[in-house]
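Breakdown of the fold
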Number of protein chains: 2
Amino acid sequence: MKTIYAFGEGKAEGDKSMKDLLGGKGAGLAEMCRLGLPVPPGFTITTEICNYYYAHQRQYPKELESQAAKSLSHIEKIMGEKFGDPEKPLLVSVRSGSRASMPGMMDTILNLGLNKKTLKGLTEQSKNIKFAQDSFERLKHMFQDVVGKPLPENPQEQLWEAIAAVFESWNSKRAIEYRRINRIPQDWGTACNVQAMVFGNMGDDSASGVAFTRDPSTGEKRFFGEYLRNAQGEDLVAGVRTPEPLEQLQKTLPHCYQELLTFYQKLERHYRDMQDMEFTIQKGKVWMLQTRRGQRTAKAAVKIAVDMVSEGLINKEEALLRIEPNQIDQLLHPMISPRTARKVLTKGLPASPGAAVGRVVFTAEEAVQWSEKKEAVILVRSETSAEDIHGMHVAQGILTSRGGMTSHAAVVARGMGKVCVVGCGAMEVDVEKKEFSVNGKVVKEGDWLTIDGTTGDVMLGKLPTMEPELSKEYQTLMSWADAVRKLKIRANADTPEDARRSLNFGAEGIGLCRTEHMFFDEDRIQAMRQMIVAESTEERKKALAKLKPMQKNDFLGIFRVMKGLPVTIRLLDPPLHEFLPQTQKEIQTLSKEIDVPVERLKKAVDDLKEMNPMLGHRGCRLGVTYPEIYEMQIEAIMEAVCELKRNEKIEVFPEIELPLISLKGEIQLLRKLCEDVCEKVMKETGERIAYRIGTMVETPRAAFRSDAIAPHADFFSFGTNDLTQTTLGISRDDGFKFLPEYEQKGLVRCDPFQTIDFEGVGELMKVCVEKARKVKPKMEIGICGEHGGDPESIVFCHQIGLNYVSCSPFRVPIARLAAARAVLLERL
Amino acid sequence: MKTIYAFGEGKAEGDKSMKDLLGGKGAGLAEMCRLGLPVPPGFTITTEICNYYYAHQRQYPKELESQAAKSLSHIEKIMGEKFGDPEKPLLVSVRSGSRASMPGMMDTILNLGLNKKTLKGLTEQSKNIKFAQDSFERLKHMFQDVVGKPLPENPQEQLWEAIAAVFESWNSKRAIEYRRINRIPQDWGTACNVQAMVFGNMGDDSASGVAFTRDPSTGEKRFFGEYLRNAQGEDLVAGVRTPEPLEQLQKTLPHCYQELLTFYQKLERHYRDMQDMEFTIQKGKVWMLQTRRGQRTAKAAVKIAVDMVSEGLINKEEALLRIEPNQIDQLLHPMISPRTARKVLTKGLPASPGAAVGRVVFTAEEAVQWSEKKEAVILVRSETSAEDIHGMHVAQGILTSRGGMTSHAAVVARGMGKVCVVGCGAMEVDVEKKEFSVNGKVVKEGDWLTIDGTTGDVMLGKLPTMEPELSKEYQTLMSWADAVRKLKIRANADTPEDARRSLNFGAEGIGLCRTEHMFFDEDRIQAMRQMIVAESTEERKKALAKLKPMQKNDFLGIFRVMKGLPVTIRLLDPPLHEFLPQTQKEIQTLSKEIDVPVERLKKAVDDLKEMNPMLGHRGCRLGVTYPEIYEMQIEAIMEAVCELKRNEKIEVFPEIELPLISLKGEIQLLRKLCEDVCEKVMKETGERIAYRIGTMVETPRAAFRSDAIAPHADFFSFGTNDLTQTTLGISRDDGFKFLPEYEQKGLVRCDPFQTIDFEGVGELMKVCVEKARKVKPKMEIGICGEHGGDPESIVFCHQIGLNYVSCSPFRVPIARLAAARAVLLERL
């Protein structure tokens, strides 16, 4: 078994393709050797040995020791020094390095090989007692810190303790947690690099530095970096002294600077990507210690990718694959000016990105009142519900003390593109007193607050923000993505503003227009409530007649924006109790407002209560039991379409969508109802409209028996939020109580409400598509759940042959890129 | 197209095998003709014509008219009369008759062909003016009633209007409703029988009667029936005069009686089943008008089937197929003495059969208090929850004002074998005042009440009841069933009493022992609550240590009863909030009792609240997040098993069941936990136990990916209650709000919580079995949901290859019979 890969003097056993085995650092060192760059000689113990170590009660394969000894003497030969030799002692570093970068998560020990005896040799060799003693102190301190015991005298013992410590650090708590968050598999293991020391702290002709081949924050093509004179690399990281910009080196050590210039150009050309390098200058000689793909901001990533295409370094497809679709999100939202000092009051989960500044309010009603006075507001709640929608609409941002990344507040805010921070556990919200407190600090209604939905930060006062600008490189990149992708991208939009924003972001239609949000507006919620508590079909129809013109107006607005494009309108979906007030006081107020006795209202509220609203009287079940509601909605849709066609020559392609269909009988019955109403309206108006009728697929029953439903549907749209809830039997509202522990224990790879559970829900979707297309080969199938905006899920949707994904407006660009990536991944 | 089948004079175009086409009545008439019995000639218009009629805007195929004319003249020839002839007028009846008996649901018209002219002819022919005029009056009245307009003069017009009315009556509201309840397909259609009239009202040598070949209520082998002298059959049905027992006929018209004896023996021998016949005696001549399978009580059904085997009329397999498994239920429960007059206060849904008499109480606590004073009680609630379990345990019966057939009260009561009536909408329960009222009538705590869970009747006072006796014929029949069936039958039992009852009813093991009900007992609920509000694992373990000896005792009791048999024990399943009090007052009481501050209790209650408890933090999710709970339970199980083996030489086969498993990771993690605890206990006690670890299959994810779970499970048990909820996305607690309308509109064939939704849930179960057995061919798979006691579902379980069904104790005999039937149906 080959346990070790050596490198040094322009030769290396490994190369850049061997990241899995040698880790990023090991592969980079080997590759730089092969390129003829000056790299201190060393060897890499493979990741396999790390895994072996854990699988065998912390034992190594026996061949490791002899192979290490051989490699060590190879280093000694190159360096003309000997490990543990009292006269000319070789010193080595031991560093971790895994397949994926895990900055600062694992351990390093420098200057191994020093003890009382070899210290003398080093002093004599370097003729620098201060340097030699400093090096010894550093070793003792680092060793104690990392290994957890005092430095032994024996250099071999030092070396093997250090190697074990590196392997141990793979399974430190913070490393495990980091991998969990970054979805890095726990079984990759780390490599361990043993390398001859070079010293940047041997005087003013020595230095340590880091450099980027391009500017990592703007993407500008310039050699960029920092260095510290007379210092080791660790000093740079620790920030004890302020480093100098790399340009300075041109003056102090011009030949070194020139050498670095050559190296960086060589590395970037070779790797064809922006590199992040570490170097040490020892007495005027440049040594390269690391090269790796450079981290960069979204803005830089886009610019670098597009620039490199112009430079002929990479092709368009590579450029597209260079951008992590989720990164794009950074570019789309306003943000707090980068140079602003933040005094963070508390921190929550970054539920919907961007920065928002406004005055604190505690109820949706207050939000509306303040905003009518042209005041910007932040709506603060312990958690939100459907009743808060109109308040969320007018607020700049939403802040909650409870709930997770998929709570109501988070989902709705993302849908609206509103800034949102949720689950600030340290906040205590007191709606009665109109205040919240964090560790005794009290914030009252009207106080200014700034929240950062990208980081989760909550700050007192008004912080300066800046609007995003979309660069021409961004536009270029997106046009390449559009040329490649096969999936159509639609948006989930409920208002003309959302529709307009979606178009600006490149949406090709609306994949989900929810009609229920429209009913929460103050001017219509009362009519809605009258409709709900109606005691006869006649009474209900009367209330519906009040709502119809308003609904029609909503549709007119959206249709005008979306002219020439398809718009999928979902008929009423939530259970009716969501529209009713719950407290005694609210019921009394409502009683007066709509002139219905309190007792009758209370009875309606009680009768509509449900144990499990998610599995309750909602979706198409409302259409079956109260057909007059759907009739009104379909009339409003068709009347709007016909009117636009006749009066404004605007054509739209309405797609009427039935929610929560599970049974053949449901779609048969409701399709008939839709057709009858559409025919009636078309007859009345004299227009002919190419409308379509389809269903959401939200229950396992619907997915699994799509062959029974498909013959009666013109299209399907996966509602993967609900499909995930029903397939896994996990409520999105309650799952946050145990899902984090599930992730921690590795029972789920990630939150199934963020990325599709491919093995479960995903398999079911696949079967659904197959069965539906068996009976209707050209069946159009899309997705409109939260997952429609998740890049990994979008790739999956492409793979199982969906026609489109629909996501919240702000995620449309991300989806365009992810859809292109899906095609490119197929070609790899 | 052949639209008509004629019969008469010992010949017939149809026969008894043609029920689908000719309806039951038509096929019976044809068959009796073929047997040479005296049947008035006539013809049957097929059910196909009924369907044609509805499919073609109420038009007939054109060939019908000529075929009818031809058949009518055939009747005329036989009778020597002519339809519409003023001198010798032929009179005919027009009767409905569908494939399944729908007594009284559809229409009949007699004496067609009479008008002013033909009345004279009839008068002369019969020489009986009173008879003739009475016949005319009857016709006019019936025609007006059924057709809805006055009788036309033209006999042809009379005939065709009557035929149309019969077809129309197939789709009357009451007929549709009857078919829905009795699960008769709406598209079968009815046949229409046109037949020469014979008259039982032509004097004292005439009569009409009905007869059974055996006693339909006891099954005794005796000719049994009633007749009315000088009357038409309709008079018998209308009950205007009291009929005489058939024996009387022996005296008044002995030769007729003798003839009937011959006929009945011939028919029973021919049909090899108990027959229900209608006859008319016209001037001393017997005419047979109908023969069909006789309805019978369960008791009679069993006796007749077993007797007929002894008589050599049928074989054992036929005998088994003669009993509708659900009928058996009638035999197992106490009932109100049949001769008691009932004064019904109100009526609810018959949720769990039998009769219960007791004093009214309104809370579980009161139920316990009264029953400690040896008082029989009826627990009255608006609806029940898990907290009422201990009250339900001690009550004779349970009565609720809300909820459906699958509400908590209904399901739990059936499981316990308690009498239960639910959903008495007319009842208003006032727990505070300790009373309920029905239309102003007030019933107070302590008042006597009798409820009939077989009919849904609620009656004031103490009605006399009788215990059931299981006849020797029942025992014989069940032994035949056991010899035939392949499915094993287990019971769902949580207590030693339930276990004992299950054994008596023939269970071969316990398929589901729920451990949570045990925690509601008064002596342990407080320890349970301490466990739940514990703030550290240590605190929780302390509370669990209190619970363990009690749990162990529970298991000891059950295991002793079940010696030598397998017992499946499900670990804790419900969400923890079910164990906590909800009202402010209860919380305050609890605070004192367990010495935990009110605020902390309130927080615990709040924190545990769930939007959708069904999809919440429950089942194995509790085991993942609080492993110490499952550890305690497994210890209790294994310690009990080991102790019994050593001290009492009793061997049981414990099967530890993990609820709500959906993911491979869950079963891997928890299987390891189970094994570790089991090993520990076995090591401590020095016993080796053959235990098994398995899972419930309750989510679509688990069913659909059984191949991922099966390698880690020793057995599967379908929890079809939850699987139905998740697959269809319908909460059992909320579905009653729309499911009845779904049944009415034909969107579901029946309540999916009563009989498995074969096309959806059933298909998923099938895939689950296939995928599991692919990776583990001998995988043992059972079912333990409510469906495990439903005969139709049991047949399905047999078909998809399950190994056992488990049901509530009282349904064990039903399941044994249904399992046998499943095998026999396969052989047909």
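So, here is what we can say about the structure in this document. The structure displayed is predicted, hence computed values, not measured ones.

The rules behind the values
Residues numbered from 1 in each chain as written. Chains lettered and ligands numbered in written order. Predicted model: local features only at pLDDT ≥ 70, side-chain atom pairs only at ≥ 80, totals over all residues. Heavy atoms only, no water. Helix = DSSP H or I, 4+ residues; strand = E, 2+ residues; numbered from the N terminus. Buried < 20%, exposed > 50% of the residue type's maximum accessible area, 1.4 Å probe, protein only. Contact = heavy atoms within 4.5 Å. Areas by Shrake-Rupley, 256 points an atom, 1.4 Å probe, with all protein chains shown as cover. Lys, Arg positive; Asp, Glu negative; His and termini not counted. Charge placed at Lys NZ, Arg CZ, Asp CG, Glu CD. Buried area = accessible area lost by both parts, 1.4 Å probe. Salt bridge = Lys/Arg side-chain N within 4 Å of Asp/Glu carboxyl O. Polar contact = N/O pair within 3.5 Å; in protein donor to acceptor, adjacent residues only side chain to side chain. Nonpolar A, V, L, I, M, F, W, Y, C, P; charged D, E, K, R; others polar. Least-squares fit on C-alpha atoms with pLDDT ≥ 70 in both. Pairing = 2+ DSSP bridges. Axes fitted to C-alpha atoms, helices over the stretch in contact; angles between N-to-C directions. Right-handed = clockwise from strand over helix to strand, strands pointing away. Parallel < 35°, antiparallel > 145°, perpendicular 65-115°, else oblique. Left-handed = near helix turned anticlockwise from the far one by under 90°. Patch = residues over 30% accessible without salt bridge, like charges linked within 9 Å, V, L, I, M, F, W, Y side chains within 5 Å. Expected span 1.5 Å × (residues − 1). Bend = angle between axes of the 7 residues up to and from the residue.

A few words on the overall build of chain A. Helix and strand counts for chain A stand at 32 helices and 34 strands. Within chain A, the fraction of its 828 residues that count as buried is 60%. Taking all contacts inside chain A whose residues are at least 6 apart in sequence as the whole, residues at least 24 apart take part in 67%. As displayed, chain A has an accessible area near 33,200 Å², and 49% of this comes from carbon and sulfur atoms. The averaged location of the 116 negative side-chain charges in chain A is 3 Å from the averaged location of its 114 positive side-chain charges.

Between chain B and chain A, the contact holds 47 residues from the first and 47 residues from the second. The largest share of the area that chain B buries against chain A comes from Leu615, Arg701 and Phe704 of chain B, three residues that together contribute 15% of it. The interface formed by chain B and chain A includes 2 salt bridges. Of the charged contacts in the structure, one is a salt bridge between Asp757 of chain A and Arg701 of chain B, with a shortest N-O distance of 2.8 Å. Counting across the interface, chain B meets chain A through 28 residue pairs in polar contact (both at pLDDT 80 or more). Ranked by residues supplied to the side of chain B that touches chain A, first place goes to helix α30 (residues 758-775) of chain B with 5 residues. In terms of residue class, the side of chain B that touches chain A is built from 19 nonpolar, 13 polar and 15 charged.

Once turned by 179° and shifted 0.1 Å along the axis, chain B lies on chain A with an RMSD of 0.3 Å. The operation mapping one copy onto its partner corresponds to a two-fold rotation axis. Closest to the rotation axis within chain B is the C-alpha of Asn612 of chain B, separated from it by 2.0 Å. Counting the interface residues of chain B, we find that 100% of their copies in chain A are interface residues as well, pointing to one common contact surface.

Turning to the sheet that holds strand β23 (residues 441-444) of chain B, a few remarks are in order. All names here are of chain B. The strand order across the open sheet built from 3 strands is β21-β22-β23, with neighbouring strands paired in antiparallel fashion. The open sheet has two edge strands with one neighbour each: β21 (427-430) and β23. Looking at each pair of strands side by side, their axes are set apart by 20° on average, direction ignored. Pairing geometry for β21 and strand β22 (residues 435-438), over 4 bridges, is antiparallel. Across the sheet, the residue bridging to Met427 is Val438, located in β22.

This part is about the pattern of salt bridges. Taken as a whole and judged by the stated rule, the model has 140 salt bridges over all chains. The partner of Glu643 of chain A in a salt bridge is Lys552 of chain A, and the shortest N-O contact between them spans 2.8 Å. Here the residue Glu643 of chain A occupies a position in helix α24 (residues 627-648), and Lys552 of chain A occupies one in helix α20 (residues 537-561), the gap between them amounting to 91 residues. Among the residues examined, Lys552 of chain A registers a relative accessible area of 18% and is labelled buried. A salt bridge links Lys766 of chain B to Glu763 of chain B, with the shortest nitrogen-to-oxygen separation between them at 4.0 Å. Of the two residues, Lys766 of chain B and Glu763 of chain B both sit in helix α30, 3 residues apart, roughly one turn of that helix. Within this structure, Lys548, Lys552, Glu635, Glu639, Glu643 and Lys680 of chain A form a network of salt bridges that share partners.

All names here are of chain A. With respect to topology, 8 strands assemble into a closed barrel ordered β27-β28-β29-β30-β31-β32-β33-β34, the strand pairing being parallel. Sheet twist, expressed as the average angle between the axes of neighbouring strands with direction ignored, equals 25°. The pairing of strand β27 (residues 488-492) with strand β28 (residues 510-514) spans 2 bridges and is parallel. Across the sheet, residue Ala491 finds its bridge partner in β28, namely Ile510.

All names here are of chain B. Within strand β31 (residues 692-697), 5 of the 6 residues are buried, which leaves the element mostly enclosed by the surrounding structure. Strand direction decides the pairing type here: strand β30 (residues 653-658) and β31, joined by 4 bridges, are parallel. Following the sheet pairing, Leu658 is matched in β31 by Thr695. Handedness of the β30-helix α25 (residues 664-685)-β31 crossover: right-handed. Pairing geometry for β31 and strand β32 (residues 715-718), over 3 bridges, is parallel. Paired with Val697 across the strands is Phe718, a residue of β32.

What follows deals with the packing of helix α17 (residues 472-484) of chain B against helix α32 (residues 812-827) of chain B. Residue and element names in this part refer to chain B. Orientation of α17 relative to α32, taken along the N-to-C sense of each, is 50°, at an axis distance of 8 Å. When the axis of α17 is compared with that of α32, the two are oblique. Our pair here, α17 against α32, has a crossing hand that is left-handed. Of the residues in α32, those in contact with Tyr474, Leu477, Met478, Ala481, Asp482 and Val484 of α17 are Pro813, Arg816, Leu817, Ala820, Val823 and Leu824.

Time to look at a negative patch on the surface. Residue and element names in this part refer to chain A. On the surface, a cluster of negative charge is contributed by Glu365, Glu372, Glu522, Glu586 and Glu593. One can find Glu522 in helix α19 (residues 522-533). The class for Glu522 is exposed, based on a relative accessible area of 56%.

End to end, α20 of chain A covers 35 Å across 25 residues, agreeing with the expected 36 Å (1.5 Å per residue, within 8%). At Leu547 of chain A, α20 of chain A shows its largest bend, some 30°, and a proline, Pro549 of chain A, comes one to four positions later.

With that settled, consider the packing of helix α24 (residues 627-648) of chain B against α25 of chain B. Residues and elements named next belong to chain B. It is at 9 Å that the axes of α24 and α25 come closest, and there the two elements cross at 40°. Between α24 and α25 the crossing geometry is right-handed. For the pair α24 and α25, the contacting residues are Pro627, Tyr630, Glu631, Ile634, Glu635, Met638, Glu639, Cys642 and Arg646 in the first and Leu670, Leu673, Cys674, Val677, Cys678, Lys680, Val681, Met682 and Thr685 in the second. Its residues assigned to classes, the contact of α24 with α25 comprises 12 nonpolar, 1 polar and 5 charged.

Our next topic: the environment of Tyr474 of chain B. Residues and elements named next belong to chain B. Within the secondary structure, Tyr474 sits in helix α17. Assessed through its relative accessible area of 3%, Tyr474 is described here as buried. Considering only alpha carbons, one finds Tyr474 and Lys303, 171 residues apart in sequence, at a separation of 7.5 Å.

What follows concerns the side chain of Ser401 of chain A. Within the secondary structure layout, Ser401 of chain A lies in the loop between β19 (397-400) and α16 (408-416). We classify Ser401 of chain A as buried; its relative accessible area is 10%.

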